[in-house]
Amino acid sequence: MKKVITYGTFDLLHYGHINVLKKARELGDYLIVALSTNEFNAIKGKECYFSYDQRKKLVEAIRYVDLVIPEDSWEQKVHDVKEFKVDVFTIGNDWSGKFDFLKEYCDVVYLSRTPEISTTKIKKDLGLDEESVS
Ligand code: C2G
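Note that this is a predicted model, so its numbers are computed, not measured. (Residues numbered from 1 in each chain as written. Predicted model: local features only at pLDDT ≥ 70, side-chain atom pairs only at ≥ 80, totals over all residues. Heavy atoms only, no water.)

Student: I'd love a proper account of the overall build of the chain, names of residues and values included.
Tutor: Within the chain one finds 6 helices and 5 strands. Secondary structure elements of the chain occur, N-terminal to C-terminal, as β-α-β-α-α-β-α-β-β-α-α. Its C-alpha atoms give the chain a radius of gyration of 15 Å, near enough to 14 Å, the size a compact globule of 134 residues would have. Projected onto the principal axes, the alpha-carbon positions of the chain cover approximately 45 × 30 × 25 Å. Within the chain, buried positions represent 43% of all 134 residues. Residue pairs at least 24 apart in sequence account for 63% of intrachain contacts in the chain once pairs closer than 6 positions are excluded. For the chain, the accessible area works out to roughly 7600 Å², and carbon and sulfur atoms hold 52% of it. (Helix = DSSP H or I, 4+ residues; strand = E, 2+ residues; numbered from the N terminus. Rg over C-alpha atoms; globule rule 2.2 N^0.38 Å. Buried < 20%, exposed > 50% of the residue type's maximum accessible area, 1.4 Å probe, protein only. Contact = heavy atoms within 4.5 Å. Areas by Shrake-Rupley, 256 points an atom, 1.4 Å probe, with all protein chains shown as cover.)

If you want it as structure tokens, here you go:
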């Protein structure tokens, strides 16, 4: 069984997330999503609308996803690849080149992003971004 892993916040789940998860799943037979905890999002400088548990429930409901685990540090990827015997690490190409160090342990695939949508854009369009709310 070819196992794939990807990482992300997946806040305000949208079709760009679904596209990348579909493509990630198509790289193998089993997809693990390491979902950023709120504490790790704070390290990434992101503030989530949905809690970790709410985001986990949403991501677990996606047909392409087989397992959701927490992502709480930048350093856990090598451990995760070894622990889950992962064959492929994948992520959107906004991260292109950033995780090439994983090539020592598994295949590394950067997937094209869905350009026109983002959680930030959704918040802005709904007037929920910092400028609109302040
Ligand atoms: N994504 C996409 N198209 C979009 C928006 C997001 O393909 N329009 C992809 C991203 O490239 C990423 C995944 O969806 O692969 C999740 O995106 P985010 O929730 O923004 O995750 P990010 O903050 O990039 O977290 O350790 C890695 C980080 O946790 C990645």
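We are not done yet, so read on.
Student: I'd love a proper account of the pattern of salt bridges, names of residues and values included.
Tutor: What the rule picks out here adds up to 7 salt bridges. Close ionic contact of Arg25 with Asp66 constitutes a salt bridge, the shortest N to O distance being 3.7 Å. Of this pair, Arg25 sits in helix H1 (residues 15-25) while Asp66 sits in the loop between helix H3 (52-60) and strand E3 (67-71), and the two are 41 residues apart along the sequence. One salt bridge connects Glu71 with Lys77, and the closest N-O pair in it is separated by 3.5 Å. Residue classification places Glu71 among the buried residues on the basis of a relative accessible area of 2%. According to the relative accessible area criterion, Lys77 is buried, its value standing at 1%. (Salt bridge = Lys/Arg side-chain N within 4 Å of Asp/Glu carboxyl O.)

Student: Kindly report on the side chain of Lys3, identifying the contributing residues and their values.
Tutor: Looking at where Lys3 falls in the secondary structure, it is placed in strand E1 (residues 3-8). Despite being buried, Lys3 has no salt bridge partner; Asp87 is the closest side chain of opposite charge, sitting 7.4 Å away. A polar side-chain atom of Lys3 sits 2.8 Å from the main-chain carbonyl oxygen of Phe84. Contacts of Lys3, omitting those with residues within four sequence positions, involve Tyr30, Ile32, Phe84, Lys85, Val86, Asp87 and Val88. (Lys, Arg positive; Asp, Glu negative; His and termini not counted. Polar contact = N/O pair within 3.5 Å; in protein donor to acceptor, adjacent residues only side chain to side chain.)

Student: Can you tell me about the nonpolar core, naming the residues and giving the values?
Tutor: Phe10, Leu21, Leu31, Val33, Val59, Val65 and Val68 are the most contacted members of the largest nonpolar core, which has 16 residues in total. Mapped by element, the contributors of at least two residues to this core are H1, strand E2 (30-36) and H3. Excluding its chain neighbours within four sequence positions, the residues that come into contact with Val33 are Thr6, Phe10, Leu21, Val59, Val65, Leu67, Val68 and Ile69. (Core = buried A, V, L, I, M, F, W, Y, C linked by side-chain atoms within 4.5 Å.)

Student: Break down unusual backbone geometry for me, citing the residues and quoting the values.
Tutor: Its identity is not glycine, yet Phe10 carries a phi of approximately 55°, on the positive side. In this fold, Phe10 is placed in the loop between E1 and H1. Phi is positive for Lys85, which is not a glycine, with a value near 50°. Its location among the elements puts Lys85 in the loop between helix H4 (77-83) and strand E4 (88-92).

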